[in-house]
Each structure stands twice: as C-alpha cells, then as structure tokens.
Amino acid sequence: MATRPQIFRPGTNTLARVSIFVGALIVVEILLILIVFFRSNYWRQVHIAIDQPVNFSHQIHAGVVGMDCRYCHASVAQSSFATIPPTETCVTCHTQVKQNSPLVQPIWESLETGKPIEWVKVHDLPGFVYFNHSIHVNKGFGCTECHGRVNEMPVVWQEQALFMGWCLNCHRNPEKYIRPVEEVYNMEWVRPPNQIALGQKLVQEYNIDVNRLSNCYICHR
Amino acid sequence: MQRYEQIEPIEPIIGPGQTYATITERISSIPLTDLRQTPRGWLVGFAISFSFLMLFLISILWLFARGTGIWGLNIPVAWGFAIINFVWWIGIGHAGTLISAVLLLFQQSWRNSINRFAEAMTLFAVACAGLFPILHLGRPWLFYWLIPYPNTLGMWPQFRSPLAWDVFAISTYATVSLLFWLVGLIPDFAILRDRAAGKLQRQIFGLLALGWRSSSRHWYRYEMAYLILAALSTPLVVSVHSIVSLDFAVSQLPGWHVTIFPPYFVAGAVFSGFAMVLTLTIPIRKWYNLEDFITMKHLDNMAKVMLVTGSIVFYGYLMELFYGWYSASVFEQYMVLNRMIGPYAPFFWALILCNGVIPQLLWFKFFRQNIPFLFVFSIIVNIGMWLERFVIVVISLHREFLPSSWDMYTPTFWDWSLYIGSLGLFFTLLFLFIRFLPMINIFEMSMLQFSENEKARRREARRVQLAGDTPEPAQMA
Amino acid sequence: MTMQSPEERVDLSEIRTRLAGATGQQYWRSLAEVAETREFQEFLHREFPGGAAEWDHSFSRRTFLKVMGASLALAGLTACRYQPVERIAPYVNAPEQIVPGLPLFYTSVATSRGYAQGVLVESHTGRPTFISGNPEHPASLGAADIFTQAEILTMYDPERSRQVLNNGDKSTWDAFVAAIAPHLAELRRAQGAGLHILTQTVTSPTLASQFRALQSAYPQVQWHQYEPVGYDNVRAGSQLAFGEYVDTLYHFDQAQVILALDSDFLFALPGSVRYARDFSNRRRVRRDKLESNRLYVVESTPTITGAIADHRQPLRASEIERLTRVVAQRLGVTGVNNAELPAGIPAEWLEALVEDLQQHRGTSVVIAGHNQPPVVHALVHAINQQLDNVGTTLSYIDPVEVNPGNQLESLRALTTAMQAGQVSMLVMFGGNPVYDAPVDLDFANALARVGTSVHLSLFVDETSARSTWHIPAAHFLEAWGDARAFDGTASVIQPLIEPLYGGKSAHELVATLMGQVDVNGYDIVRNFWRSRGLGGRDFDTFWHTALSKGVIEGTAAPPKQVTLQATEFPDTVAAIPADELEILFQPDPSIWDGRFANNGWLQELPKPLTKLTWDNAALIGVATAERLRLRNGDVVELRTQGRTLRVPVWIAPGHVDEAVTVYLGYGRERAGTVGTGQGVNAYRLRTSDSLWIASGQLRRTASRYELVSTQDHSSMEGREIVVSGTLAQFRSNPEHPPFFHGEHEYRSLYPDYPYDGPRSWGMVIDLSTCIGCNACVIACQAENNIPVVGKGQVANGREMHWLRIDRYYSGELDNPRVYFQPMACVHCEKAPCETVCPVAATVHDDEGINNMVYNRCVGTRYCSNNCPYKVRRFNFLQYADLDTETLKLQRNPNVTVRNRGVMEKCTYCIQRISAARIKGEQANQPVLKDGDVVTACQAACPTQGITFGNLNYPDSEVNRLKAEPLNYGVLEELNTRPRTTYLARVRNPNPAIEPDMPAGEHHGTETSPHSVIEPEMPADGHHGTE
C-alpha cells in the first residue's frame, strides 16, 4: 500500500478544517439574510412614496393649509374605516380654489364621468386583521403614532412596518403611547418627559383594559 | 479431591475459516465493485423501489395541490394514515440506535455485524417518519411555525402541545443517529479509500475518511467519541417514542388517554425495529452470502429480544382493555367494546394475533432458529405494529363521546399511495446504501475476529492445562 | 374498496324480539353493536368497512395546473412584495346615511311562499348580506324560517336568469314590449278573450288592484292561480263548514291542549314562525313556571311537530278522517255518528285524549293538515266550535289572499282552455307549472298550444324553457312591492339593491300589459297606498313609518264572526286497497316544493328528522321495511295509476306502516348546477285527483343509490347527553329534578381564571322548546360565511355547519321519542382543544371565549381530535368559493373567509361581540347588557330557545337561566366547564296514558347492550348506502 500515490495535496487538510467553519458560517449567513430581508423596508414597503392617480399633497392640505384630518377622513371617529373622501368633498373647496389648476383636473373628470378616483392603498393590513380606527382615536391614540407626520409628506408613504409585534408593543403597554383625546389629531404632538406617568393616568381615565388588549380576538376573527 | 471445569462449545458469531483478510475482502468488495458489474438483482430491486419513490413524489405533489381532503379523513377521524405511518416509521427507527448504542454499552459484541446496517435502516426510517408530520398539516408550507424562532409576530409555539415536543424529539434523534452512523463509518471509509481502484473513488472515500490514518491516537479519539455518542443516544431511544406516545396520552380521548403509553410505545418500537432488521438482513445475508458474519446466533438473539418486547406490548394491550373496563367510565368501557366488536374489530383481533399470539412461538428454539419462519414472522410483526397504530388512531377517534358525531374512516387511493410511496423512499435509500457503503462494519468485524481467536486460544490452553494436571493415585508404602 | 354495511344481513325481527324483552326507556344503538358474532364474521374477510371515500366528488373542480398555481400562491411564493397592490375606489357622491364600515338595516318582507314574512336586512355599503326577522312584524317577531333567511343566497345566485329570452334566443325587454304590443292591441279588441294570467298565491294589495285594472282593460281576461303546495283543502273545509272562505288564526299561547291531525303547524303554515313562538311561550317550564301545554299529534309522516309532541300516534293519512269523526262524535258534534276507531289507535289513548279535550274547553285547539280532505277540516271546525275554542285559541278572518278559490280547479280550467287552443296569450308570474303541475294535466303539452306564453321568473326553469318569452324576475330584495302576512298585516317590500341581473317585478310586467310604459315599481306601489288614503294628509310620514317599522299599522284582519252551517259530514274516506300502500306527497323540509332547489344552503341542510341532505327518498316505517326486506338506499319502484317512479328508500322511525312518503321538489331538470338532477321528481306521480294521498304498489328493484345523512347514530348509548323528564317529575322536586344524576365535582391542576372583567359570555339552550326547525343552522351559515361542500364531501363526513342539530331516538322502533339538541362550540373554560394546538391558533380570551385564529392555524387537526363535542370543522379542501363574484358580494365583510387547510368553529358571533364591545367602550359602558349582542342563531330561533348574554352583567337573562334547576352542561364530567349549557327537556305527558316513572327517565341507566337498536343507520359512516 505504501507505494500507492497520495490522493490529496498536503494543503487539503487545512482546506478540510477551514471548510467545516465556512460551512457553518454559510448556514448562519443565509438565516441572517432571510431575517434581515423579511424585516426590510423594501419588503414591507416602508418609507416608499407611492404614486397616486392625483398628485395630492398632504403636506399642503394638512400642513400648509392646516386642514383637520377629519375633514376628508370623516368616519375615522365612528367607524373602523377612516373613509377615503368622495370626489364631492374635494369639489367643495376646489370650486373656490385652484379651479383650473391641471393638478385638479382628475377631480373634474371624475365628477363628470362619475368614475371614482382609484387611490392606491398605502397602509394595507392583511385581510385577517380587523383594525378599527374609531376605538383608537377615541381612546387617545394619535394619527401620527401609526401614520407618522403626514402633514410633512408631499406624497404619503408607510411610516411603520406594521408588524404584529409592533402592534403588540402598544397593545401590551399603551401608557407609552397614549395621549389626551383632544390631542389625537395634533400632528405636532410630542410625548412629554412624564409620558409614562401621564400615560398611566390616561389609561385609567379612558378605562382601557390592558389585559384584554392582547387577546387574539381584539384584532383577529 | 477432584477439580474440573466444564467447557461447553459456544455458538460462533463468525463463521469458521474467516481471516482478517477474508473479512475485509468480502465486505469491502461489495461497494467497490465496478458500476458495470452491479448485480442484476440489485438493479431490479432498485428499479422497483425507485418507481415507488416516484409514486411518493406524485402523491405529495397532488397533496400540496389539493389539500388533505384527498385522503379519507373527516370529522371525527381527523388523523389517519399520515399519523399511523409516522408512528410506524419512528418505531422502526428504534432498532438501530438500540442495537448500536445500548448493546455497545452492554458490550454485546455480537452486535458488531448488524449495527451498521441497523443504524442505516434507522436513519432511513426516521427520514420517512420525519416527512409525515409535515405532509399531514393542512398548510404544510407553514410547518416552521412549530419551531421556536424570533419572529415579527411576537409569537412562540404553544409549548403545552405534545406536537411541539415532537419537533425537538425527532430532530434530536435524527441528528444524533446520523452522527453516530457517520463516526462509525470513518475507519471503514479509510479502508475503502485504501482499497479503491479508481482515483475518483479514492478521492471521495478519502474525503469521507477525513484523513484517517489508523494511528493509535486516531483510534483512541475514535473510541471516546463513539462511546460518548452511544451514551448520548441511549436515553434518546427511550425519549423519542415516549414523546411520540404523548401525542396520544396527553389528549382526553378514550383509547388515547392512557398512562402506560410511553413504556409500551418504546417496547413496541424496539419490537418493530428488530422485526424490520430481520426482514432486511435475512434476504441480504443470503444474496451477498454473509451467513458467516450474520450467523444463527444473531438471528436467535434478535428473536429473543423480540419475544421480550413483544410480550411487553401484549401486556400493554391487555392492560388497556383491563383499565377500560375497570375505569367504570361509560366512554372507556364503550371504547373497549367498540375495539372488540365494533365495525373495525377485525383489525383489533388481527393485531392481537400478530403482536400477541404469534410471538409466543419464539419461546421455542425451533422457531427462533428457523430462518424462513423468522422472515415471515418479522413481516407479520411489521404488519401487526402498523395495525396497532391503526387501532389506536382510527378506532379511538371514530366513535367517542357524542354518538351523533360518530363516523367511519375509509382510506382512499392517495392514503395508500403515500404509504407505499414512503416504503419506496425507504428501500431506495437502503439499496443505495448496501451498494455503495460497507453494510457491515469491517474493522469491528476484524476486531471481533481477533477477540474470537483469542477466546479460542484461551479455551484451547485451558483444556491442555486441565489435561496436564490430573492427580496421580497415591502409592502404598 | 366499497363495502356493504353489516346491518344488511341483520334481521330486524330478531332485534325486535330482543327489544321486546327489555323494559323501561331504552335508547337505540346501531345494529353494528347488536349482532356481534355475525358482524365479526361479516368483517373478517373485509379489508375496510364503509363505502369508498371518493376524494373529489363535488364542488367546483379545477384543473391540476390551476390548483398548483393556487396552492403555490397560498404558499406565498408568487409575491415579490408581501402583499399585492390594492386600490380603494371611494364614492363620487357619497349617499347620505352610509358610513363606510358600518352596516345599515332595512325592513322589508320576504314573500317566498306568497305570504309575507317580516325581515330586517343587513346592508354593507349598499349590498345586502344577511336576512333576519323583523321584531315588529306579527309573522316574525324577530325570528325567521330557513327559506326566508336563505333568500339572500338566492338573490346573489350567479345562475339567476340575466336575459330576456325569446324562444330560447337572447332578446331584450324593449324587444319584448314591442313584440307583444300588437297582441295586446288585438286582445283589447277581443275584450281580452284569450288572455290568461297564471300566478301563484297572491297577497299583494297593489298587485290585486293592478289585476282589477287589467280586468277593466281586458274584461274577459282569466286569472288563474296555482300553488303546488296549496291550501285548497283548508279553504274548501271552511267553505263546507261556514259556507264561505275564511282563514283560521290560531293562538297557541292560549292553548293548553293541542291536537294536531297530520298538521305540521310548526313548519308548514304561513304563520308557522309565529305559531312556534306562541306554542313555545306556553311550552316553556322554569322553576317558577311549573306548567306546560300538552300536544297530541296523530300523523303519517314524521314531522318536527310530531317530534315535540307529548303523545304521538302514527296513523295513515287516509284514516285520519275516521279518527276525526270518532273524536267529533265523542265530543258530541251533531251530524256525526257510527264512526269507528281506526286500527292502530288504542281505545284508552283516545279516551284520555277526549277526556283531556273536554276538560280544556276554551283552552284547547284542534288543527288539521293541508293534506287532509275538506271534510276533516269541516269536522275540525265543528270540534273547535263544540269546545268553545273560537275566540280564545283560534279566530277566523277574511281570507288574506287576494283571490281565494280552488286553485286546482282554476289550473284545470286553464289547461283545458290551453288544450282547446283558446289561449292566445298566457302570462305566468313566477311559478313553474311545467314542473310542478299535476302530471295528468300535462301542462307542458298544453303550453305548446298557447299562442304567446310569457314567463316571469328568477331562473330559466322548465317552464321558461317552454315559453315564448322568458322575463328575468327581480328578487324581492331588488324591487318594490307589498304583501300581507298570515294575519292580514300588510307590509311594503322595499328593495335594498338595484336588480343585479336587470330583473322586472310583477308590478312592472302587469303595467306593461296595460300599455303603461316606463312606470317603475316604486311609483306603482306608493301610488296604490296613497290612493288608499292611509295616513290622511301626511302621506309621507305614513310611508316612512311603514318602511321603518316594516308593517303598515292597522292592516291586520279583524276577527270575523262565522256560524257553523255544516249539518252532516259526507264520508269521503277512500280506503286504500289491501294490496296497495298509501303514497303520501309532502313538501320537502328543506327545499319546499322545489322553488329553492338551486339554493346550496338549503340543499345541504340536513332534514330535521332523517338528517338526509341533497336528496329526497321514499320514507317508510320500520315494520314496512321489515316486511319488504328493504334497506336504506334500496331503489324501489312506486306505481300508481299506471305511472311509475324509481326512488331510493330511507327507513324513518315513526313513519306509519303500509305507507310511503315522497318529498316534492327534487328531480329538477333545469334548476341550475346546484339543484339539477338532485333526487327524484315526485310530481311525476302526483295527479289532480290525489294531490296528497295516493295509493299504489311498491316494488323493490335490484339497484342501490347512495343517500347521504349527516348523523348515522341515533342512540345516546346511555350517556347523559340529552337529559329529559316529565313535568310531573320536575314538579315532584323542582330544586333537584329526579331525572338528573349525581353532582359532578370539579378539580383542576390549573388555577381557575377569574373572568372578572366587564364581560364574560355564556349561552343557554332550552331543549324543551327546541323544535329542530334548522332556522339557527341557516342563520349561522349566512352570518359566518360557511361554505357549501356538496354531497360527496358530506358523504365523507366533512359538512361545515358550525351549528348542527343532533337528533336522538329513544323508545319503540315504530313510534320513537325524538330529541333535538343544537350543538356548536360550547366554549369550554378548560378547553381541551387549546392545550394541544402547537401554534396557539386556538386560545382563550379574557371574556371566556375560545378564539379561533384562522391565520395562525397550520391545520394539525389535533384540536378537533381532542374536542369531545366534535364541533370543529376543517377545510379539507378549498371549500370557500373564491371565484364567483356575486357570492363574494353576499359574504359578511366582518368574518374571515377561511381557506383550505384551516380549522374553524362557532365563535359566538365574535364579530357582533366586537362591534358591541367597541361601541360600548367608546361610550364608556364596557359592561354589555342583554340585547347588546345577539348571536345569529339566537335571533333566528322562532321559539327563543337560545339565550346568549353577558354572565358578568348581574341581571342578564342568561344568568337567570343558568341558575335554573334544569340547567346542565353536556359532558360536564370531563370537567371541560362548557359555557353553553342546556335546560333539560321537560315533557308533559298525560298520566292517563303514560303513568309517571318515579325513578325518572334517565339516560344513564336502563340501557342494556342488546336492548337498543337503530334500524335505519348502517355502520358505514356517512355512506347511507353504496
């Protein structure tokens, strides 16, 4: 047997040893990449401005003009659905303002043809999540908590990744995020230094049952 | 006074006339045969099992396409063949580890010729078993939700559920068995490397041998590693099937909610595992004429183990019935009645026949050493163990608390195709194994041969010595 | 792999003898347990018992590739983004009252069977999704029957007609108007001679006035009416008794003793929903209400009315008349003499009955079924007069229908005219005479001789196919109209949606016949009521109240004084020849006369007693089956008057012997993909001279047919499932009724959860008032988007109903006692399903509800295995129809549509709870009270047998009921702590007939293995037969 030629070059040993670690590393790498990707803003479409059929700027309407959210999103306090305003709502103002601006054209078309303006959904929760706007705004959870500073968005984008885990942050300890009801629509609201103290007080006041908030049926049916 | 010592002849565990050279030659020649000289018998066997493997794949494809509704499942019988097969395969997967690890620790050297084989069988059985829990899910693509991992949902699996425990039990068992098997193969890979003709062959075996040079240091480390793994996997033999049995025992269904399940599932597993080893070894030792390595002694020993485990299982059945009656609970009592005279009664009685009555024949040496009988018997036991799971799963489910929901379970073509298909997977792997790897542990056989020779020599010496000092009669003065 | 069931060789007579040996109250079990040894032999040489489960038998099949695509999509492999882009289209001009996301409710009335049923229709942004009863409406009082509720599905049925058809070719409404214009002109000249109108029963005042107008325009126009399940006999009966047509109103809440003669008054009458309510109000027993009414039923076919009866006697329909005479004679009705008691009714039984009736003058009522000849009704009127019941337990009113008369004769007249070629134009408003007219009238043939025939109907059915013109009809949810209820109360039908398929209403069609173009239903109806001068000057207020209340005040018919004129009661009993069987025709419990044949919900609804779905069968009694050696699924040939019909047999315990019942409505040829070809068409045997009761031979054939039933085992196996006892027993010890067994003590390793929040839910179901009418089952299906799975899947035991009604038998084979038990998830506080789910997809919440989180479920099905009540349902295949657009519109937007591979079950209508909870918390009133949350089943129940509410609201009704001594939980001994509990069934038998059992009739005790059997159910699961 001694006469038989060697099968491998001496370096092979090192190679073999290295390969063990490399192999292990590759597995870890792949896992990491997956984890990172599925949490990435790209995958969840966060901070990605979405083109709309109308060049509508929340920055101008909510920010510069300072309109209240509820002027257009009328049912936000009564219903699960915040309402995308019907064309007539736009018309009410734009018969006075910027009637002829090309940007407003789509409104007139929609009004004439009776065809609705098809907005692209920006905050799109999965079908099995039953989110209800009214209960949130009536219990002191501000628009900005989920939607961000819409009044500074020329074109609206998704501010949060809307993970279930993220929802639970708030559902488990609301005191960290709650604010007085009258401040709900206030875009400028910043949490005070004594947020926790204030929060606990408000949670009491609005008798929010924190245990129940993390029940499955609160969001899923 | 007279001192003498009886030296009874012992049954050989290696046939006569074998030397180190012949052992190595005989065993290693099988994987090293040139592809073109592959025996026709092997090709045929492989072709058949491969076609069944294809059936398996098609069934899985259709299953994923249409859903579990292609099976005969319904409410109340929401578990069917998938679970039965899962438990059956897991059971079969027990013999390997038991033979290798436990018998090693008990220093049963006769095991050496069958352990490699049994371990391989274990791996393949576990591979089959591992598939079914996933296939039987309503939404199989979400199986990973059973694994605890940090996720964006803030959710963990529900650890009170035995199904969550299964994930760990089975994956651990599979990993350890694989390591055990691979480690055991290293020295043989080296032998093959050195005997292989073609360069490629040598390189492949070379890589697998991880630079094994049979230095005493290597041997020392090897023995340590092997012993540790053996110690590791021994408790697993008990744990895996205990946990599988909890899938049933934890529920509150009459016929499932039974505290003796863990021990008697383990016994049953060993029982079925040995049955499968017999089913496989008997033909193989014939075809590859390895009678010298897998001798009557092996078969006899395995038969004895089966007699013991079989009796434990039988006892288990009787206890179930007894407690069913003794519980004085309407539901438990009806469960017993339903097993014995209900619409599925034939399966129950067939089970008693296969696993309870027939094994009693093994009390007799005649049957233990009658090879054709052992072969048939091992198959009967395989069927019996499958029936046991059928009885537990289906008969308990189809008639339980509210008579209004009672119903029957009738397997469909796809139930059968998936079961037969899994056999295809098992045998395909097995055929590849016996063709391309040493199915018997070469170096351990050599060591065995050595110790056998030693024993023989010592025995010889002893006889001479005894013959030497016979006392002389005293002289009168 | 299909086998026959063991019963096939089991000899019923042997079982009968065994049964005879046993004493006390017994519960049957399947024959599978009876003849063990034989059965064992049976099975030994079998591989698998039970029929083959065909793996895809039913529902929309998809191509392999499509399926692959679908499943991959499910696997989430197709999305490059985690969700596809969605678009929102807001209104251009938003309607006033609509707030997106909040449902609106509108009143209307359903007119499925001619008479008005008040409904409240839920509408989500313009699409009606759910029909429930209107509490303001006398015929509903908030409840609704299965037909009314299922109408929502019919409205969205994608197979409804969308096209005007001219001899089968696509045409248009305008083309139709243009085409008939000359005809109409001609007819005007001919004073309308040759113009015939065919309608079903009409109760619409507006339509009536339109027809009057039509008559003035065409003086000789003939108006015919035909209803296949009509009340001719009832009308003729009143004619016979009082010399004029009157409707009888029953006040069961006043009736202490009720005798029903082949009358299924809890199901088959226009007022049945209301009657069920009144009946149950008197029926109900509580700790503080220790009395109950007593119901005697003599009937041929087993019905739900017979099932709830305290004393039931099977009697051939043709012998009921004789029995009635006997009763009348015994009560001293003049003009009845030498009547003798029909065999089969024990003399002492009759004695006790008559005794009971006499003791309850003025608080008893006798009622006869619509299949009984006029003279029986006349006799019954006489009996009620004799018992002074008029004015207390029943009253008479002028007929509610616009044009009462003998519909059969009017149809006969029509067909004769048609045959004679005297009909130049026939306009049919709804109905399907080609299918359901008496076979001897040969309507189809006659129709061919009509000049121009016009058929207005929802579907292109058998009649449409043979008519010159087919006009798609508007559903009652789509068009304006009006109708009157069983008591005369009129209501306006207000549409909730534009006609989906451009249908026309009857009003519009009549208007067109009178040459009024482009008038719409709204104006017609509104103008009619304005013309009635109702509401005085302020018509708009009147109109709005009428719409918002759903009834028009003061339109209920006043009681009418009538005097009995009948002096003798001619003997009309037609004896059945000795060598012949009695053949009975009855409306189907699920699809009535066939008009609901294409409604999947109703087709899949298990019939109350047989639990059969998707088929009709020839129902026969046990003794008959025994004599003829018939098994379930044996196809027999019925022959009467030279006509034959091949139909599979189903053995119905309690069915009278020497008689066979065939349900109408099946065997449709052009119903749609759901209804076509299901079952056999009984109309083929139904002749005008024997509409209800025929006589003929029954001959067995070699062939078999697979009938599918959802419950195969009818014995309680001596388990405490339905606890029942008699009123006497309850009275003997109200706090601890003797029919309850020992207390169960509860121990648990887990500490008890306090459930001390503002809300904690519970339900109580009163088994004494459950009549098994299935209303709750349909309500649940409609509310919770429960899919229809098809016959094949039901045969595999995969029906999806979250709420099922279990039916158990006890007692003798020929006349068993029947028990109904609605069973859905009982929301155990210690739920076995929760601990075994590996992914926490089913978990408890702080309000005690067992939540099912579909999107977390991976489908291990372990929860179902561990559920002792087997109330969980699994989507073994893709059952929910994700393709059909209109069906998507019907769905409840607040309930997830479940996909393949997911477990589902009753949620206590969690969507309704959530809505109420959010409303309550916004108003800072977190403690919800009675009525804040009403589950779908609870709302639908005609007898208010289901009570749901907040256990943490101290004086909620559900708390009161749970404190009742009759309250118990099924399988409590398993320590599951069910939140749905039951009130034991309390019967009120006549001690003269059923001496009281002091021990109490307890289910745990007198069950010996051989004593109890179940003849009709093979052991092979859902496969009734093979």
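Calculation rules
Residues numbered from 1 in each chain as written. Chains lettered and ligands numbered in written order. Predicted model: local features only at pLDDT ≥ 70, side-chain atom pairs only at ≥ 80, totals over all residues. Heavy atoms only, no water. Helix = DSSP H or I, 4+ residues; strand = E, 2+ residues; numbered from the N terminus. Rg over C-alpha atoms; globule rule 2.2 N^0.38 Å. Buried < 20%, exposed > 50% of the residue type's maximum accessible area, 1.4 Å probe, protein only. Contact = heavy atoms within 4.5 Å. Areas by Shrake-Rupley, 256 points an atom, 1.4 Å probe, with all protein chains shown as cover. Lys, Arg positive; Asp, Glu negative; His and termini not counted. Charge placed at Lys NZ, Arg CZ, Asp CG, Glu CD. Salt bridge = Lys/Arg side-chain N within 4 Å of Asp/Glu carboxyl O. Polar contact = N/O pair within 3.5 Å; in protein donor to acceptor, adjacent residues only side chain to side chain. Buried area = accessible area lost by both parts, 1.4 Å probe. Domains from an automatic or database assignment. Pairing = 2+ DSSP bridges. Axes fitted to C-alpha atoms, helices over the stretch in contact; angles between N-to-C directions. Expected span 1.5 Å × (residues − 1). Patch = residues over 30% accessible without salt bridge, like charges linked within 9 Å, V, L, I, M, F, W, Y side chains within 5 Å. Arc of directions from axis to C-beta. Phe/Tyr/Trp six-rings, centres within 6.5 Å; stacked < 30°, edge-to-face > 60°. Parallel < 35°, antiparallel > 145°, perpendicular 65-115°, else oblique. Nonpolar A, V, L, I, M, F, W, Y, C, P; charged D, E, K, R; others polar.

Per the secondary structure count, chain A includes eleven helices and one strand. Its helices and strands in sequence order give chain A the pattern α-α-α-α-α-α-β-α-α-α-α-α, from N to C terminus. Taking 221 residues into account, the globule formula puts the C-alpha radius of gyration at 17 Å, and chain A, at 26 Å, lies well above it. Dimensions of chain A along its principal axes, counting C-alpha atoms only, are 100 × 50 × 35 Å. Counting the 221 residues in chain A, one finds 38% classified as buried. Taking the contacts inside chain A whose residues are at least 6 apart along the sequence as the reference set, 68% of them involve residues at least 24 apart. Approximately 12800 Å² of chain A is accessible, and the part contributed by carbon and sulfur atoms is 64%. Both charge centroids of chain A, one from 18 positive and one from 17 negative side chains, sit 14 Å from each other.

What follows deals with the interface of chain B and chain C. Between chain B and chain C, the contact holds 72 residues from the first and 83 residues from the second. For the pair chain B and chain C, the interface holds one salt bridge. Between the two partners, chain B and chain C, sit 33 residue pairs in polar contact (both at pLDDT 80 or more). Of all the secondary structure elements, the ones that give two or more residues to the side of chain B that touches chain C are helix H2 (40-66), helix H6 (162-195), helix H8 (216-249), helix H11 (330-341), helix H12 (345-357), helix H14 (371-398) and helix H15 (413-436) of chain B.

In this complex, chain C contributes 44 residues to the contact, which on the side of chain A involves 48 residues. Between chain C and chain A, a total of about 4100 Å² is buried, with carbon and sulfur atoms accounting for 54% of that surface. Counting across the interface, chain C meets chain A through one salt bridge. The partner of Glu847(C) in a salt bridge is Arg212(A), with the nearest N and O atoms 3.7 Å apart. Put simply, chain C and chain A have twelve residue pairs in polar contact (both at pLDDT 80 or more) between them. Among the elements that take part in the side of chain C that touches chain A, helix H28 (residues 910-922) of chain C stands out by supplying seven residues, more than any other.

Right, let's get into the domain arrangement of chain A. Residues and elements named next belong to chain A. Domain assignment breaks chain A into domain 1 (58-84 + 121-219) and domain 2 (86-118). One C-alpha centre belongs to domain 1, the other to domain 2, and the line joining them spans 29 Å. Contact with domain 1, which involves four residues of that partner, is made by five residues of domain 2. Summing both partners gives a buried area of about 290 Å² for domain 1 against domain 2, and 58% of it is carried by carbon and sulfur. On inspection of domain 1 and its partner domain 2, the count reaches zero salt bridges.

Once that is clear, we can look at the sheet that holds strand S37 (residues 967-968) of chain C. Either a parallel or an antiparallel arrangement is found when strands of a sheet pair, and the pairing is made through backbone hydrogen bonds. Residues and elements named next belong to chain C. With respect to topology, four strands assemble into an open sheet ordered S36-S29-S38-S37, the strand pairing being mixed. Of all the strands in the sheet, the pair left with one neighbour each is strand S36 (946-950) and S37. Pairing geometry for strand S29 (residues 761-766) and strand S38 (residues 980-983), over four bridges, is parallel. Within the sheet, the bridge partner assigned to methionine 763 lies in S38 and is threonine 980.

Here we take up the pattern of salt bridges. This structure, assessed with the given rule, holds 65 salt bridges over all chains. For Arg160(C), the salt bridge goes to Glu478(C), with nearest N and O atoms at 2.7 Å. Of the two residues, Arg160(C) is situated in the loop between helix H4 (146-156) and strand S5 (164-166) and Glu478(C) in the loop between strand S17 (469-472) and strand S18 (481-484); the sequence distance between them amounts to 318 residues. Grouping residues by exposure puts Arg160(C) and Glu478(C) together as buried. Several salt bridges converge on common partners, so that one network encompasses Asp209(A), Arg212(A), Arg759(C), Glu847(C) and Glu921(C).

Another point: the pairing of S18(C). Each regular strand shows side chains that alternate between the opposite faces of the sheet. Residues and elements named next belong to chain C. Pairing between S18 and strand S19 (residues 490-493): four bridges, direction antiparallel. Bridging from a neighbouring strand, aspartate 482 pairs with valine 492 of S19. Between the antiparallel neighbours S18 and S19 lie five residues, among them glycine 488 with a positive phi of about 95°.

The next subject is the sheet that holds S17(C). All names here are of chain C. Strand order in the open sheet made by the seven strands is S6-S5-S17-S16-S15-S7-S8, with mixed pairing throughout. The open sheet is flanked by strand S6 (169-171) and strand S8 (222-225), the only strands paired with a single partner. The average angle at which neighbouring strand axes cross in this sheet is 20°, direction not considered. Bridging between strand S7 (residues 195-199) and strand S15 (residues 425-429) involves five bridges; their strand directions are parallel. Bridging from a neighbouring strand, isoleucine 197 pairs with valine 427 of S15. Lying over the sheet, helix H5 (residues 173-189) contacts S5, S6, S7, S15, strand S16 (452-457) and S17, oriented at roughly 125° with respect to S17.

Here helix H10 (residues 296-326) of chain B spans 44 Å end to end across 31 residues, near enough to the 45 Å set by a 1.5 Å rise per residue. Within two residues after H10(B), Ala328(B) carries a phi angle of roughly 60°, on the positive side.

With that settled, the discussion passes to a nonpolar patch on the surface. Residues Val18(A), Val22(A), Ile26(A), Ile30(A), Leu34(A), Phe37(A), Phe38(A) and Tyr42(A) make up a contiguous nonpolar surface patch of roughly 700 Å² in combined accessible area. Among the elements that make up the nonpolar patch, the one with the highest residue count is helix H1 (residues 12-38) of chain A (seven residues).

All names here are of chain B. Those residues of helix H7 (residues 199-209) lying buried are Arg202, Phe205, Gly206 and Ala209. The buried residues of H7 occupy an angular sector of 110° when the element is viewed end-on, so they sit on one face. Seen from the buried face of H7, the exposed residues on the opposite side, beyond 90 degrees, are Leu200 and Leu207. Summarising the contacts, the buried residues of H7 are in contact with helix H1 (20-32), H6 and H15.

Below, the discussion takes up the packing of aromatic side chains. All names here are of chain B. In the structure shown here, the tally under the stated rule is 92 aromatic pairs over all chains. Summarising the aromatic geometry, the rings of tryptophan 386 and tryptophan 416 are spaced 6.3 Å apart at their centres and angled 25° between planes, so their arrangement reads as stacked. Pair noted here: tryptophan 386 is in helix H14 and tryptophan 416 is in helix H15, with a separation of 30 residues, a long-range link. For tryptophan 386, a relative accessible area of 7% puts it in the buried group.

Let us now look at the side chain of Asp588(C). All names here are of chain C. Locating aspartate 588 in the fold gives a position in the loop between strand S20 (581-586) and helix H20 (600-604). Judged by its relative accessible area of 0%, aspartate 588 is buried. A distance of 3.0 Å separates polar atoms of two side chains, one belonging to aspartate 588 and the other to lysine 607. Not counting residues up to four positions away in its chain, the partners in contact with aspartate 588 are Phe147, Phe267, Lys607, Tyr663, Leu664 and Tyr666.

All names here are of chain B. The contact between H11 and H12 brings their axes to 5 Å, and the two run at 85°. One element, H11, and the other, H12, form an angle in the roughly perpendicular class. For the pair H11 and H12, contact is made by Arg339, Met340 and Ile341 and by Ala345, Phe348 and Trp349, respectively. In terms of residue class, the contact of H11 with H12 is built from five nonpolar, no polar and one charged.

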